[in-house]
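Residue-level listing of the chains:
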Amino acid sequence: MRVVLCNSASPSPLTPIPKPHSYSFPTILNWPHKTLVGALTGALSFSLLISSSSSIALDSASLPPSPSSHSPSADYCRQDDDTEARFENAPELVTNEAIVEEAWNIVNDSFLDSSSRRWSSDFWKQKKEDLLGTSIQTRSKAHDIIRRMLASLGDPYTRFLSPDEMARYDMTGIGINLREVPDDNGGVKLKVLGLILDGPAHAAGVRQGDEILSVNGMDVRGKSAFEASSLLQGPNETFVTLEVKHGNCGPVQSIEVQRQLVARTPVFYRLEKVENGAASVGYMRLKEFNALARKDLIIAMKRLQDMGAKFFVLDLRDNLGGLVQAGIEIAKLFLNEGETVTYTVGRDPQYEKVITAEAAPLITAPLIVLVNNRTASASEIVATALHDNCRAVLVGQRTFGKGLIQSVFELHDGSGVVVTIGKYVTPHHMDINKNGIEPDFREFPAWSEVTQHLARCNMLQHG
């Protein structure tokens, strides 16, 4: 199971957008475009499912079990601790050749070629022989080799991350990566499998391999890594209390950690009166998909419902994506149980995974989704899920067309690689990548048109 992370920023409250005095609702289509910050590496490739190739090399608080113990449980614990001990070497003790080979293996095992270059295992094996034929004298040289190796794939989203850049992918705000691990009862438990050296959690005593039992008194056993990471977030320099179990057999300890990095709320909302004040519309703008997106969008929707909203607008213009899992969870808020959010396809085209909604929708009112040519990635997952399930009409411009999924893998020296590992297709099995999505309307329609369009869609789809 992969752990979802992203880079964080300073906190900001959930923000209602103040209403201008001379505002006409359809003019939101002319919202000024924001200047894009960052190049391709920072702007369009944050649809990341984060994974660990291996644990980051850190010291561990767990002591090995006594050699005199021979019970099955003790053997199991000793085996697990031995596994963790292999990663206790300082980063500089990992050889330069091993780091390059580790990155090579990740691509060999996981890379999905989305271009016309026709990547082959023979090409990649030859690349390994060429790169590892001579000694690599410095870590900087090893990193340069990895950069060139990844660039040879011809995929703009597959790239190298320095240790400093890897630290930006902390979604929790306390410097840990969580992974869901099966437990003995058929459920899941959350383990720390990624820890920023000298980060807040590490400084407070959290160690690699620790199991997270609760966050501020809330039991997180059985919860997803995404849900737990959201609970860990909060205002900068505030404290969060973790209950952790050190290793498989170690003691349970309560640890207070001071937050240092958090995501900024991406949700802005307001209530608008339309049709001469006869109807109320809840307008919600979602700037990006981060760890706060789902929680803050739920708050906005509930507040707008309480204020009397009968129709809703979800503005995804200039939203270049973010966390794939956040997009999936937000799409589920609008869908009926069992309806398809998206399909994901990996290197083997015969293997297709379907992701569906598990509960009733939070709202069922008519919905417009605003899109443009900078609506990309996770935004396109949401837009197509709502469109293909007849929950919303799309208004604006054709979307960007990024349907690839990247994963971030940590290397043993604290650096990492971002690798394209799959793609997603819409509920109607359309490949978004390089195609984008055509809207239903170019101009803002009347709400009566929206209602009629959705009714016809449902009639055709469900009979």
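In what follows, the structure referred to is the one given above.
Owing to the predicted nature of the structure, the values given are computational and were not obtained by experimental measurement. In every chain, residue numbers begin from 1 and rise along the written sequence. At least 70 in pLDDT is required for a residue's local features to be given in this predicted model, at least 80 for side-chain atom pairs to be given and counted, and no such filter applies to totals for whole chains, interfaces and linings, which use all residues. Water and hydrogen atoms were dropped before computing side-chain values, which therefore reflect all heavy atoms in the structure.

Novice: Even after reading the chapter, I still don't get the overall build of the chain, so can you show me in this structure?
Specialist: Helix numbering and strand numbering both begin at the N terminus, where a helix is a DSSP run of H or I of at least 4 residues and a strand a DSSP run of E of at least 2. For the chain, the count of helices and strands is 12 helices and 18 strands. Only protein chains enter the calculation, and the probe is 1.4 Å; a residue is then buried if its accessible area is under 20% of its type maximum, exposed if over 50%, and partly exposed in between. Within the span of the chain, comprising 463 residues, buried residues form 53% of the whole. In what follows, residue pairs with any heavy atoms lying within 4.5 Å of each other are defined as contacts. Nonlocal contacts in the chain, meaning residues at least 24 apart in sequence, comprise 74% of its contacts between residues at least 6 apart. Summed over all atoms, the accessible surface of the chain reaches about 20600 Å², with 51% contributed by carbon and sulfur. Method for areas: the Shrake-Rupley scheme with a 1.4 Å probe, in which residue coverage is limited to the protein chains shown.

Novice: I tried to follow unusual backbone geometry on my own but got confused; where do I start?
Specialist: A negative phi holds for most residues other than glycine; trans holds for most peptide bonds. Phi is positive for Ser377, which is not a glycine, with a value near 60°. Tracing the backbone shows Ser377 in the loop between strand S15 (367–371) and helix H11 (378–388). For His429, which is not glycine, the phi torsion reads 65° and is therefore positive. Mapped onto the fold, His429 is located in the loop between strand S18 (416–425) and helix H12 (447–462).

Novice: Help me understand the packing of helix H3 (residues 96–110) against helix H5 (residues 139–151), please; the structure alone is not making it clear to me.
Specialist: Any two packed helices are characterised by how steeply their axes cross, that is the angle between the axes, and by the distance between the axes. At a minimum axis distance of 9 Å, the contact between H3 and H5 shows a crossing angle of 20°. The angle between H3 and H5 falls in the class roughly parallel. Here H3 and H5 pass one another in a crossing that is right-handed. On H5, the residues touching Asn96, Ile99, Val100, Ala103, Trp104 and Val107 of H3 are Arg139, Ala142, Ile145, Ile146, Met149 and Leu150. When residues are grouped by polarity, Ala, Val, Leu, Ile, Met, Phe, Trp, Tyr, Cys and Pro land in nonpolar, Asp, Glu, Lys and Arg in charged, and all others, Gly among them, in polar. In terms of residue class, the contact of H3 with H5 is made up of 10 nonpolar, 1 polar and 1 charged. Structural elements are reduced to axes, namely lines fitted to C-alpha atoms, with helices fitted over the stretch in contact, and the angle between N-to-C directions of any two is expressed from 0 to 180 degrees. Note that the term roughly parallel is reserved for angles under 35 degrees, roughly antiparallel for angles over 145, roughly perpendicular for angles of 65 to 115, and oblique for everything else. Crossing handedness is defined as follows: a turn of the near helix away from the far one that is anticlockwise and smaller than a right angle gives a left-handed crossing, while the clockwise case is right-handed.

Novice: Would you explain the side chain of Asp318 in this entry?
Specialist: You can see Asp318 is positioned in the loop between strand S12 (311–315) and helix H10 (324–332). Only four residue types enter the tally: Lys and Arg on the positive side, Asp and Glu on the negative side; His and the chain ends are excluded. The salt bridge criterion pairs a side-chain nitrogen of Lys or Arg with a carboxyl oxygen of Asp or Glu, the two atoms within 4 Å. Of the buried charged residues, Asp318 lacks a salt bridge, with Arg374 as the closest side chain of opposite charge at 4.4 Å.

Novice: When you look at the state of the cysteines in this model, what are you seeing that I'm missing?
Specialist: Every disulfide links exactly two cysteines, by a covalent bond between their sulfur atoms. Disulfides are defined as cysteine sulfur pairs within 2.5 Å. Summed over all chains, the structure comprises 1 disulfide. Across a sulfur-sulfur distance of 1.9 Å, Cys390 and Cys457 are joined as a disulfide pair. Because the sign of the S-S torsion sets the handedness, a value of about -70° for the bond joining Cys390 and Cys457 places this disulfide among the left-handed ones. You can see Cys390 sitting in the loop between H11 and strand S16 (393–396) and its partner Cys457 sitting in helix H12, a full 67 residues away along the chain. Owing to a relative accessible area of 4%, Cys390 belongs among the buried residues under this scheme.

Novice: Is there a simple way to explain the pattern of salt bridges in this structure?
Specialist: Proximity of charged atoms lets side chains of opposite charge pair with each other. On inspection of all chains with the given rule, the structure shows 11 salt bridges. For the salt bridge of Asp431 with Lys423, the shortest nitrogen-to-oxygen distance reads 3.2 Å. With relative accessibility at 27%, the residue Asp431 sits in the partly exposed group. A relative accessible area of 27% means that Lys423 is categorised as partly exposed. When salt bridges that share partners are traced, they join Glu329, Lys332 and Glu358 into one network.

Novice: Explanation requested: the environment of Gly173 in the structure shown.
Specialist: With respect to the helices and strands, Gly173 occurs in the loop between helix H6 (163–167) and strand S4 (176–182). Overall, Gly173 belongs to the buried group, its relative accessible area being 2%. For the pair Gly173 and Pro200, spaced 27 residues apart in the sequence, the C-alpha separation amounts to 8.3 Å.

Novice: I tried to follow the packing of aromatic side chains on my own but got confused; where do I start?
Specialist: Between two aromatic rings, the relevant description is the distance of the centres plus the angle of the planes. Aromatic rings from Phe, Tyr and Trp, with only the six-membered ring used for Trp, were paired whenever their centres fell within 6.5 Å, and each pair was classed as stacked if the ring planes differed by under 30 degrees, edge-to-face if by over 60, and tilted otherwise. For the structure on display, the rule yields 4 aromatic pairs. Between Trp104 and Trp124, the aromatic rings sit 6.3 Å apart at their centres with planes inclined by 10°, giving stacked as the arrangement. Placement of the pair is Trp104 in helix H3 and Trp124 in helix H4 (residues 121–131), with a sequence separation of 20 residues. When the ring of Phe123 is compared with that of Trp124, the centres are 6.0 Å apart and the planes differ by 45°; the resulting orientation is tilted. Note on Phe123: relative accessible area 34%, which makes it partly exposed. Among the residues examined, Trp124 registers a relative accessible area of 0% and is labelled buried. Put simply, the rings of Trp104, Phe123 and Trp124 touch in pairs and so form one group of aromatic residues. It is Lys128 that lies over the ring of Trp104; its NZ or CZ is 4.5 Å from the centre. Taking the ring centre of Tyr157 as reference, the NZ or CZ of Lys402 above it sits at 4.6 Å. Only when the NZ of Lys or the CZ of Arg is both within 6 Å of the ring centre and within 35 degrees of the ring normal is a charge said to sit over the ring.

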